[in-house]
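Okay, here's what each chain looks like letter by letter:
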Amino acid sequence: MEILRVEHLSKIYGTGENAVHALDDVSFCVEKGQFLAIIGPSGSGKSTLLNMIGALDTPTSGKVFIDGKDIFSMKERNLTVFRRRNIGFIFQSFNLIPELTVEQNIIFPVLLDYQKPNKKYLEELLTVLGLKERRRHLPSQLSGGQQQRVALARAIVTRPKVLLLDEPLSAIDAKLRKSLQVEIRRIQKQLNITTIFVTHDQDEAMVMSDRICLLNCGKIEQMDTPIAIYTHPR
Ligand code: ADP
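What this report covers is the structure whose coordinates are included nearby. (Residues numbered from 1 in each chain as written. Predicted model: local features only at pLDDT ≥ 70, side-chain atom pairs only at ≥ 80, totals over all residues. Heavy atoms only, no water.)

1. Examining the environment of glutamine 188
And step 1. By secondary structure assignment, the location of glutamine 188 is in helix 6 (residues 174-190).
And step 2. In contact with glutamine 188, not counting residues within four places along its chain, are Gly33, Gln34, Phe35, Ile193 and Thr195.
And step 3. A polar atom in the side chain of glutamine 188 sits 2.9 Å from the backbone oxygen of glycine 33.
And step 4. Polar side-chain contacts of glutamine 188 include one of 2.8 Å to the backbone oxygen of isoleucine 193. (Helix = DSSP H or I, 4+ residues; strand = E, 2+ residues; numbered from the N terminus. Contact = heavy atoms within 4.5 Å. Polar contact = N/O pair within 3.5 Å; in protein donor to acceptor, adjacent residues only side chain to side chain.)

Okay, structure coming up:
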């Protein structure tokens, strides 16, 4: 089942001589539960693409459909609610709220939406992510890896249709990074969360994803399974 469709997406920053074609006619689909890694050199358009999918920025042309909804055709207020309910984000900096406990941080997006947290799902998340013993701790009392897991729980507490990760592991040391790669993938599979993962690390994309989208100068250079890209690199 198709969850995400990107159609002829283009983004031009600036005008005239200063115009930058950050994205140039990008199209692809992602099926439910799939893990897509977006890789490419710095400046190739990875963050721009992720920001468009997350409706944090608007394209110059083209469309993004999430679960069949044309997100840029929505009114701003509807889009804000749609984004909150259907799209989970994790950025490089976890942006946890220092004054709130682990549990309060995790349920924050639910409260922001004037909803009641689903206690059963919250317990499941705390268990799956190994945070049960830490639920009343503050972020400052956690290791980097634990903070990352809280950010992951917060991003998926609303059961988003798509989870967007923008280099979430790049600030973490190499050893912990490996275990978090395995952990994110395990949780993503266990909860069947459609995930788009931006990284500049090709090995990370290889070990974690079902498919890789290789961007270069705002265009898709290759899009295939890790094994196909490894055996037939373009
Ligand atoms: P990546 O994430 O692959 O490093 P980006 O999506 O951040 O690439 O950027 C793609 C291109 O768009 C780059 O040339 C960058 O300089 C340009 N760009 C990104 N954001 C802006 C902006 N707000 N204004 C002008 N140019 C931008």
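Now that the structure has been shown, the text picks up again.
2. Thoughts on the sheet that holds strand 7 (residues 162-166)
And step 1. Reading across from one edge, 6-7-8-3-9-10 is the order of the six strands in this open sheet, with mixed pairing throughout. The strands lining the two open edges of the sheet, one partner per strand, are strand 6 (87-90) and strand 10 (219-224). On average, each strand axis in the sheet is tilted by 20° relative to the strand beside it, whichever way the strands run.
And step 2. In terms of strand pairing, strand 3 (residues 35-39) meets strand 8 (residues 194-198) through four bridges, oriented parallel. Across the sheet, residue alanine 37 finds its bridge partner in strand 8, namely phenylalanine 197. (Pairing = 2+ DSSP bridges. Axes fitted to C-alpha atoms, helices over the stretch in contact; angles between N-to-C directions.)

3. Side note on the site of the ligand
And step 1. Around the ligand, the neighbouring residues are Tyr13, Val20, Ala22, Pro41, Ser42, Gly43, Ser44, Gly45, Lys46, Ser47 and Thr48.
And step 2. Contacts to the ligand include serine 44, whose backbone N or O atom sits 3.1 Å from an oxygen atom.
And step 3. Within the side chain of threonine 48, one N or O atom sits 2.5 Å away from an oxygen atom of the ligand.
And step 4. Protein chains shield 57% of the accessible area of the ligand, which is 560 Å² for the free molecule.
And step 5. Among the elements of the structure, strand 2 (20-31) and helix 1 (46-53) are those that each provide at least two residues to the shell around the ligand.
And step 6. For the shell around the ligand, the class distribution of residues is four nonpolar, six polar and one charged. (Near = heavy atom within 4 Å. Areas by Shrake-Rupley, 256 points an atom, 1.4 Å probe, with all protein chains shown as cover. Nonpolar A, V, L, I, M, F, W, Y, C, P; charged D, E, K, R; others polar.)

4. Quick look at the packing of aromatic side chains
And step 1. The full count for this structure, using the stated rule, is two aromatic pairs.
And step 2. Pairing phenylalanine 35 with phenylalanine 197 gives two aromatic rings, centres 5.5 Å apart and planes at 40°, and the pair type is tilted. One end of the pair, phenylalanine 35, is in strand 3; the other, phenylalanine 197, is in strand 8, with 162 residues separating them in the sequence.
And step 3. Their ring planes at 10° and their centres at 5.5 Å tell us that phenylalanine 89 and phenylalanine 91 sit as a pair that is stacked.
And step 4. Taking the ring centre of tyrosine 121 as reference, the NZ or CZ of arginine 159 above it sits at 3.8 Å. (Phe/Tyr/Trp six-rings, centres within 6.5 Å; stacked < 30°, edge-to-face > 60°. Lys NZ or Arg CZ within 6 Å of the ring centre and 35° of its normal.)

None of this, on its own, says anything about what the molecule does.
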